[in-house]
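# Structure assessment
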Amino acid sequence: MAAEGAGHHSPMEQFEIKKIVDLDLLGHDISFTNSSLMMVVAFVIIVGFLLFAMRGRLLVPSRIQSVAELVYEYVAGMVKENLGEDGMKFFPWVFSIFIFILVLNFVGLIPGNFTVTSHIIVTFALAAMVWLVATFIGFWKHGFGYLRLFVPSGVPLWLMPVIVPIELISYLIRPISHSVRLFANMMAGHTMLEVFAGFAVMLPWWGKIAPAGFMVAFTGLELLVAFLQALIFTVLTCIYLNDAVHMHH
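Scope of this entry: the structure provided in the associated data block.

Quick notes on the rules
The residue numbers shown here count from 1 along each chain, following its written sequence. Only residues with pLDDT of at least 70 get local features here, since the model is predicted, and only at 80 or more are side-chain atom pairs given and counted; chain-wide, interface and lining totals rely on the full set of residues. The side-chain numbers reported here are obtained from all heavy atoms of the structure, hydrogens and water having been left aside. The helix count covers DSSP runs of H or I at least four residues long, the strand count covers runs of E at least two residues long, and both are numbered beginning at the N terminus. Exposure categories follow from relative accessible area, calculated using a 1.4 Å probe and restricted to protein chains: below 20% of the type maximum is buried, above 50% is exposed, and the middle band is partly exposed. Contacts are assigned to residue pairs with any non-hydrogen atoms lying within 4.5 Å of each other. In this description, accessible areas are obtained by the Shrake-Rupley approach with a 1.4 Å probe, and a residue is regarded as covered only by the protein chains that are shown. Throughout this description, the term salt bridge denotes a Lys or Arg side-chain nitrogen within 4 Å of a carboxyl oxygen of Asp or Glu. Here a helix's expected span is defined as the number of its residues, less one, multiplied by 1.5 Å. Here, the term nonpolar core denotes a set of buried Ala, Val, Leu, Ile, Met, Phe, Trp, Tyr and Cys residues that are joined through side-chain atoms within 4.5 Å.

Time to look at the overall build of the protein chain. Looking only at helices and strands, the protein chain features eight helices and four strands. Across the protein chain, helices and strands are ordered from the amino to the carboxyl terminus as α-β-β-β-β-α-α-α-α-α-α-α. Taken over 249 residues, the protein chain has a buried fraction of 35%. Taking contacts inside the protein chain between residues at least 6 apart in sequence as the whole, the part at least 24 apart equals 67%. Just so you have it, the protein chain exposes about 14800 Å², and 74% of that area is on carbon and sulfur atoms.

Put into C-alpha cells, the structure is as follows:
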C-alpha cells in the first residue's frame, strides 16, 4: 500500500519551498531556496533583457528594442492615465513592480520551475510594500488631512458613523485583497495544469488526447492570466497611489 501511494504525485508538491543553501543568521533561518533562486533568475532576465534591448538605441528599433519600448510606453501610459504628469516620478517603481511580477509569472509557467507568485507570503509582501508606500505618501503630502480619504464627499452627516468605519476597513484590508488575487489565480491555474498532466500520464494512449489538448489550451489561457494578473496588480498600485496623491480629486 505504501509503495502504491508513493507512486502518486500530488499537484500541490510543485508549491513546496525547498532549501538550496542552508543559511542561519542569529538563530533565524535565511536559507537560499528555490523561491529565492527564481527571484534571482527573474532579476537577471529583466536586467539582461533591458540592457540587451536598449544597448544600441537604434533610430529604427530592432524587434527586441521594440518590445522593450512597448512595455515601457504601456506602463508609462498607465501611470500618466491614473496619476497625471506629476505622477511620472513614481514610474520607475511602478515599472519595476510590473516587470518583476510579469517575469515571475512567465518563468513559473516553464515546466519544472517554481512559481514564486503562487505563495501568499510573496504577494502579500509586495502588496504590503505598495500599501505602506502609498500611505506614507498620502500623509507626507496631505498631513492629517489625508484622513479625509475616509470621509466621502456628499455623504450625509448621520451616515458618517457607518460609512467611515467601512471606508477605514476597506483601506486596511487593501494589502490582503491586493495579494490574494494574484496568489489565488496563479496557484489555481498551476494546480489545474498539474492535475491534467497527471491524467495524461496515467491514462492509456487513447485517453491522453483530451487531457493533452486541454493542457495546450489551458497553457495559452495561463499565459494570458499571467499577464493580466501582473497588469491588475500594477493598475491597483496606480489607483492606490492616485488616492494618496490626489485623494478625492
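So much for the structure itself; the text now carries on.
The next thing to look at is the pattern of salt bridges. Under the counting rule described, the total for this entry stands at three salt bridges. The residue Asp 22 makes a salt bridge to Lys 19 at a minimum N-O spacing of 3.8 Å. Of the charged contacts in the structure, one is a salt bridge between Arg 174 and Asp 243, with a shortest N-O distance of 2.7 Å. Remark: Asp 243 occurs in helix α8 (residues 209-246) and Arg 174 occurs in helix α7 (residues 174-202); sequence separation between them is 69 residues.

Take the environment of Val 103 next. Its place among the elements puts Val 103 in helix α4 (residues 91-108). A residue is classified by how much of its surface remains accessible, and Val 103, at 12% relative accessible area, is buried. Considering only alpha carbons, one finds Val 103 and Val 41, 62 residues apart in sequence, at a separation of 9.3 Å. Ignoring anything within four residues of it in the chain, the contact list for Val 103 reads Ala 42, Ile 45 and Ile 46.

With 23 residues, helix α5 (residues 120-142) extends 32 Å from end C-alpha to end C-alpha; this agrees with the ideal 33 Å at 1.5 Å per step. Along α5, the residues that are buried comprise Val 122, Thr 123, Leu 126, Ala 127, Ala 128, Val 130, Ala 134, Thr 135, Ile 137 and Gly 138. One or two residues past the end of α5 sits Gly 143, with phi positive at roughly 65 degrees.

In terms of nonpolar packing, the biggest core is built from 46 residues, with Val 75, Val 79, Phe 90, Val 94, Ile 101, Phe 233 and Leu 241 touching the most fellow members. Elements supplying a minimum of two residues to this core: α2 (34-53), α3 (63-83), α4, α5, α7 and α8. Considering each element in turn, this core owes the most residues, 11 residues, to α4. The residues touching Val 79, leaving out its near neighbours within four places in the chain, are Gly 84, Gly 87, Met 88, Phe 91, Val 94 and Cys 238.

Tracing the backbone through its elements, the reader meets Thr 234 in helix α8. With residues up to four places along the chain from it excluded, the contact list for Thr 234 reads Met 78, Val 94 and Phe 98.

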